[in-house]
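The chain contents come next:
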Amino acid sequence: MFVFSGLYNEGEIHIQKAIHVIGEDRNTTIVNGWGHIFYVFNDVQICNFSIRAQYGNDDCIYIVGNNNVISDNIIFTNTFSGIF
């Protein structure tokens, strides 16, 4: 799935199937959120995003599955880890 540059204000995004989520440019494809912004299960690729956890006390990307690729992202968090 290709995501165009822009600002996306999101809650938790649960990805429960194998998919590649590719941002257009990590400097201009920005996801703001709270909670676990990306809650990732199996066989997911996330790349080319700026991910900002600005609200709440959770991790930007929370991985509960296997065979995932998280690359070429900029991750900002206020409290816990960027990727757990």
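You'll find the structure just up there.
Below you will find a few notes about this structure. Remember, predicted model here, so these are calculated numbers, not experimental data. (Residues numbered from 1 in each chain as written. Predicted model: local features only at pLDDT ≥ 70, side-chain atom pairs only at ≥ 80, totals over all residues. Heavy atoms only, no water.)

1. Digging into the sheet that holds strand β4 (residues 19-23)
Our working rule: Between any two strands, at least two bridges found by DSSP are needed for them to pair. Helix and strand labels come from DSSP, where a helix needs a run of H or I of at least four residues and a strand needs a run of E of at least two; each type is numbered from the N terminus.
Read across the sheet, 4 strands follow the order β1-β4-β7-β10 without closing on themselves; strand pairing throughout is parallel. Because the sheet does not close on itself, it has two edges, and the strands there are β1 (2-3) and β10 (69-71).

2. Looking at unusual backbone geometry
The test is simple: Whether a residue is buried, partly exposed or exposed follows from its accessible area with a 1.4 Å probe, protein chains only, as a fraction of its type maximum: under 20%, in between, or over 50%, in that order.
Positive phi outside glycine occurs at N67, with the angle close to 60°. Given the relative accessible area of 63%, N67 is considered exposed.

3. Description of the packing of aromatic side chains
Keep this limit in mind: By convention, a stacked pair of Phe, Tyr or Trp rings (six-membered ring in the case of Trp) has centres within 6.5 Å and planes under 30 degrees apart, an edge-to-face pair has planes over 60 apart, and any other such pair is tilted.
Overall, the coordinates contain 5 aromatic pairs when judged by the stated rule. Both rings, one in Y39 and one in F41, keep their centres 5.6 Å apart while their planes meet at 55°; by these two values the pair is tilted. Judged by its relative accessible area of 26%, F41 falls in the partly exposed class. Seen in terms of ring centroids, Y39 and Y62 are 5.3 Å apart; in terms of plane orientation they differ by 25°. Their pairing is stacked. Placement of Y39 in strand β6 (residues 38-40) and of Y62 in strand β9 (residues 61-63) is noted, with a sequence separation of 23 residues between them. Grouped by ring-pair contacts, the aromatic residues Y39, F41, Y62 and F84 constitute a single cluster.

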